[in-house]
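Working through the structure, step by step
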Amino acid sequence: MSYILLARKPGDIQVVEATSANSQVSELTKNQVLDWVSEYGAVLFRGFDTSIEAFSSLVKTVSTRVTLDPARNHATDSAQLVDAGTDKVGLHLENGNAPILPHLAWFYCKKAAKHGSQTTYCDGNAVWPTLNKAAQNLFAGQRIKYARCLPEKLWKKYTHSELDGIKSPEDVTFSHLQILGNKVDGQKFTLLESDDVYSEFSVWAVRKSLFSDTTGFSNSLLGPSFNYEKPMITMENDDPIPDAIWQHIEQQTDKQTRNIEWQDHDIVLLDNTRVMHGRREIIDTDRELYNALSYVA
C-alpha cells in the first residue's frame, strides 16, 4: 500500500498521505477514490509524485466526463488555472448557479502560497442541522432563484462544453442552449437583441448528495461572480431572502468552514453536490492552483 489515511476530526478533510516520495496517484483506483469522497465529502491527496499531467489523468480515471469553465484559462483538456482575482471568495458549489452541476470539483496545487491565500471548504451536511427553524422552513419550502445576463461568448462556450456533437463554440446557436436548458427543471433562457442571454435558474438550496443519501445546505448563495455578472438571488416566487436569514446562514456556515493549508503538489477532491468551497484573500500572488470539474454518471 502506497498511502495511509490520517486521523481526522468531524468536518475536517480526509488526508490520504503517500508513504514514499515515489508514490503515484495513478496507483489509486476509481473505486477507492469514490469511496473516500462518498464517506468524507472532501479528500486531500498529499506527498504523491504529481504533475498537471498526472492530475489530469486521475480526473479522467475517476470520471465519465470532464467539463471546463469557459471563462477560465485551460492548462490541459481537463484542467484550468484558478485565476479569479485576489479578493476573498464566498462559499459555493462550482457552477452551482448554472443548469448542469458537476459532480466533482478537483484542485491541484502546483505551487503553494508562502502565507495566507487558503482555499476554504464547508460541508453542507454539517450546516443544515445548525440552521434555525425560520431558515429551514424557508429553504425546505421553496427553491431559490438566480437571475442574470450571460454574454454571448460565455454562453456559447458553456453550451459547447456541455453538449456533445458541436464542433466549436462558433457553431453554437440559441437552440442548442435551449436543449441544454430543457434538460433541467427550473431553468429558463431568453435571447436578447444583443445576442446575450437572460437566465433564470431556480434550484433547491438544500439537496441530497449524489454520493450518499444525506441532506445538506449545499448551494452558491454566498458564492462569487468574478468572471460573470453578479446574479440577483431571490426565492423562486421573487420574494427577497430576509436580511436576518442572510446573516444567520453566513454565521452558521462560517462556524463550519475549514482552511486547506496547501503544500506543493497537493490534490484535493470535493463532492460538489455536498461540500461548498471558497477562498481567503490571496496575499501571495505567486501561488499556482488548477482545478477541474467532472461527472461520474
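The present account deals with the structure reproduced in this document. As the structure is a computational prediction, the values presented were derived from the model and not from experiment.

1. Quick word on the nonpolar core
Phe 139, Ile 144, Phe 217, Leu 221 and Ile 241 are the most contacted members of the largest nonpolar core, which has 38 residues in total. When contributions to this core are tallied by element, the ones reaching two or more residues are helix H4 (133-141), strand E9 (144-150), helix H5 (152-162), helix H6 (174-182), strand E11 (197-203), strand E14 (232-235) and helix H7 (243-256). If sequence neighbours within four positions are ignored, Ile 144 has contacts with Phe 139, Phe 201, Ser 202, Val 203, Ala 205, Leu 221, Thr 234, Met 235, Glu 236 and Ile 241.

2. Concerning the sheet that holds E9
Read from one edge of the open sheet, four strands run E10-E11-E9-E14, paired in antiparallel fashion. Unpaired on one side and paired on the other, strand E10 (187-191) and E14 mark the two borders of the sheet. Neighbour to neighbour, the strand axes of the sheet diverge by 15 degrees on average, direction disregarded. Sheet topology note: the E9/E14 ladder contains four bridges and is antiparallel. Note on E14: the bridge partner recorded for Lys 145 is Thr 234.

3. Quick look at the packing of H4 against H7
Where H4 meets H7, the closest approach of the two axes is 10 Å, and the angle between their N-to-C directions is 105 degrees. In terms of their interaxial angle, H4 and H7 are classed as roughly perpendicular. Judged by residue contacts, Ala 134, Ala 135, Leu 138 and Phe 139 of H4 engage Ile 245, His 248 and Ile 249 from H7. Residues belonging to the contact of H4 with H7 are distributed by class as follows: six nonpolar, one polar and no charged.

4. Structural notes on unusual backbone geometry
Despite not being glycine, Asn 95 shows a phi value in the positive range, around 60 degrees. Turning to its location among the elements, Asn 95 is positioned in the loop between strand E6 (89-92) and strand E7 (104-111). Residue Asn 95 is classed as buried on the basis of its relative accessible area, which comes to 13%. Positive phi, normally seen in glycine, also occurs at Asp 195, with a value near 75 degrees. Mapped onto the fold, Asp 195 is located in the loop between E10 and E11.

5. Comments concerning the sheet that holds strand E8 (residues 119-123)
Working definition: the strands of a sheet are paired by backbone hydrogen bonds and lie parallel or antiparallel to each other. Read from one edge to the other, the open sheet built from four strands follows the order E6-E17-E8-E15, with strand pairing classed as antiparallel. For this open sheet the edge positions go to E6 and strand E15 (258-260), each flanked by a neighbour on one side alone. Recorded for the sheet is a direction-independent mean angle of 25 degrees between the axes of neighbouring strands. Two elements, E6 and strand E17 (residues 275-279), share two bridges in a ladder whose sense is antiparallel. Bridge pairing links His 92 to His 277 in E17. This element, H7, spans E6, E8, E15 and E17 of the sheet and lies at about 105 degrees to E8.

6. Examining the packing of aromatic side chains
What the rule picks out here adds up to six aromatic pairs. Pairing Trp 36 with Phe 45 gives two aromatic rings, centres 6.1 Å apart and planes at 55 degrees, and the pair type is tilted. Each member of the pair, Trp 36 together with Phe 45, is buried. Connected via pairs of aromatic rings, a cluster forms that spans Tyr 3, Trp 36, Phe 45 and Phe 48.

7. Comments concerning the side chain of Ser 202
Structurally, Ser 202 can be placed in strand E11. Looking at Ser 202, the relative accessible area reads 5%, which means it is buried. With near-sequence residues (within four places) excluded, Ser 202 lies in contact with Arg 143, Ile 144, Lys 145, Asp 185, Gly 186 and Glu 236.

8. A word on the pattern of salt bridges
One pass over the full model with this rule turns up twelve salt bridges. A salt bridge links Asp 238 to Lys 145; the shortest N-O distance between them is 2.6 Å. Of this pair, Asp 238 sits in the loop between E14 and H7 while Lys 145 sits in strand E9, and the two are 93 residues apart along the sequence.

9. Description of the side chain of Ser 218
Counting through the fold element by element, Ser 218 comes out in the loop between strand E13 (215-217) and E14. When near neighbours in sequence (up to four residues on either side) are disregarded, Ser 218 contacts Leu 93, Gly 124, Ala 205, Arg 207, Thr 273, Arg 274 and Met 276.

10. Quick look at the pairing of strand E3 (residues 42-46)
In terms of residue burial, E3 counts as a mostly covered element, since five of its five residues are buried. Here strand E2 (residues 14-18) runs beside E3; their pairing, made up of four bridges, is parallel. Each residue of the ladder has a partner; that of Val 15, found in E3, is Leu 44. Between the parallel pair E2 and E3, the chain is carried across by helix H1 (residues 30-40), and the sense of this crossover is right-handed.

11. Structural notes on the environment of Thr 120
Assignment of secondary structure puts Thr 120 in strand E8. A relative accessible area of 4% means that Thr 120 is categorised as buried. Sequence separation between Thr 120 and Trp 106 is 14 residues; the distance between their C-alpha atoms is 13 Å. Within polar-contact distance, the side chain of Thr 120 engages the backbone nitrogen of Arg 279 at 3.3 Å.

Criteria and cut-off values
- Residues numbered from 1 in each chain as written.
- Predicted model: local features only at pLDDT ≥ 70, side-chain atom pairs only at ≥ 80, totals over all residues.
- Heavy atoms only, no water.
- Core = buried A, V, L, I, M, F, W, Y, C linked by side-chain atoms within 4.5 Å.
- Buried < 20%, exposed > 50% of the residue type's maximum accessible area, 1.4 Å probe, protein only.
- Helix = DSSP H or I, 4+ residues; strand = E, 2+ residues; numbered from the N terminus.
- Contact = heavy atoms within 4.5 Å.
- Pairing = 2+ DSSP bridges.
- Axes fitted to C-alpha atoms, helices over the stretch in contact; angles between N-to-C directions.
- Parallel < 35°, antiparallel > 145°, perpendicular 65-115°, else oblique.
- Nonpolar A, V, L, I, M, F, W, Y, C, P; charged D, E, K, R; others polar.
- Phe/Tyr/Trp six-rings, centres within 6.5 Å; stacked < 30°, edge-to-face > 60°.
- Salt bridge = Lys/Arg side-chain N within 4 Å of Asp/Glu carboxyl O.
- Right-handed = clockwise from strand over helix to strand, strands pointing away.
- Polar contact = N/O pair within 3.5 Å; in protein donor to acceptor, adjacent residues only side chain to side chain.

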